[in-house]
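Tertiary structure, described
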Amino acid sequence: MTKLTAFLVSLWMLGVTAVAGAAEIPDAPIPEPNYVGIMVFLGLFFGIGVWFMWRVMSNKGDDDKKK
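The structure reproduced in this document is the subject of the present report.

If you walk through the whole model with that rule in mind, you get two aromatic pairs. Arranged with centres 5.8 Å apart and planes meeting at 25°, the rings of Phe 41 and Phe 45 form a pair that is stacked. Residue Phe 41 and its partner Phe 45 are located together in helix α2 (residues 35-58), separated by four residues, close to a single helical turn. Each member of the pair, Phe 41 as well as Phe 45, carries the same accessibility label: exposed. For Phe 45, a relative accessible area of 52% corresponds to the exposed category.

It is worth spelling out a nonpolar patch on the surface at this point. A surface patch of nonpolar side chains, amounting to about 1100 Å² of accessible area, comprises Val 36, Val 40, Leu 44, Ile 48, Trp 51, Phe 52, Met 53, Trp 54, Val 56 and Met 57. Its location among the elements puts Val 56 in helix α2.

A rise of 1.5 Å per residue sets the reference length of α2, with its 24 residues, at 34 Å; its end C-alpha atoms lie 34 Å apart and thus fit the reference within 8%. At the N-terminal boundary of α2, the capping side chain belongs to Asn 34, with an oxygen 3.4 Å from the backbone nitrogen of Val 36.

Now for the environment of Thr 17. For Thr 17, the location among the structural elements is in helix α1 (residues 2-22). A distance of 2.7 Å separates a polar side-chain atom of Thr 17 from the backbone oxygen of Met 13.

Rules behind the numbers
- Residues numbered from 1 in each chain as written.
- Predicted model: local features only at pLDDT ≥ 70, side-chain atom pairs only at ≥ 80, totals over all residues.
- Heavy atoms only, no water.
- Phe/Tyr/Trp six-rings, centres within 6.5 Å; stacked < 30°, edge-to-face > 60°.
- Helix = DSSP H or I, 4+ residues; strand = E, 2+ residues; numbered from the N terminus.
- Buried < 20%, exposed > 50% of the residue type's maximum accessible area, 1.4 Å probe, protein only.
- Patch = residues over 30% accessible without salt bridge, like charges linked within 9 Å, V, L, I, M, F, W, Y side chains within 5 Å.
- Areas by Shrake-Rupley, 256 points an atom, 1.4 Å probe, with all protein chains shown as cover.
- Salt bridge = Lys/Arg side-chain N within 4 Å of Asp/Glu carboxyl O.
- Expected span 1.5 Å × (residues − 1).
- Polar contact = N/O pair within 3.5 Å; in protein donor to acceptor, adjacent residues only side chain to side chain.

Shown next as structure tokens:
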């Protein structure tokens, strides 16, 4: 019964794929990228990464001082 179920599910997936491929979907227009937003994101991403690495590297011996 398990093999039959797997076979039927495989046929169902093939049928769904064939039906979805036959439908004509119009291409959506791609908007122009926002370069200011990209630059702000990259600045924050790399800035926070550098800050975190600096913080980790500069606090290596602080664990012994707190005890």
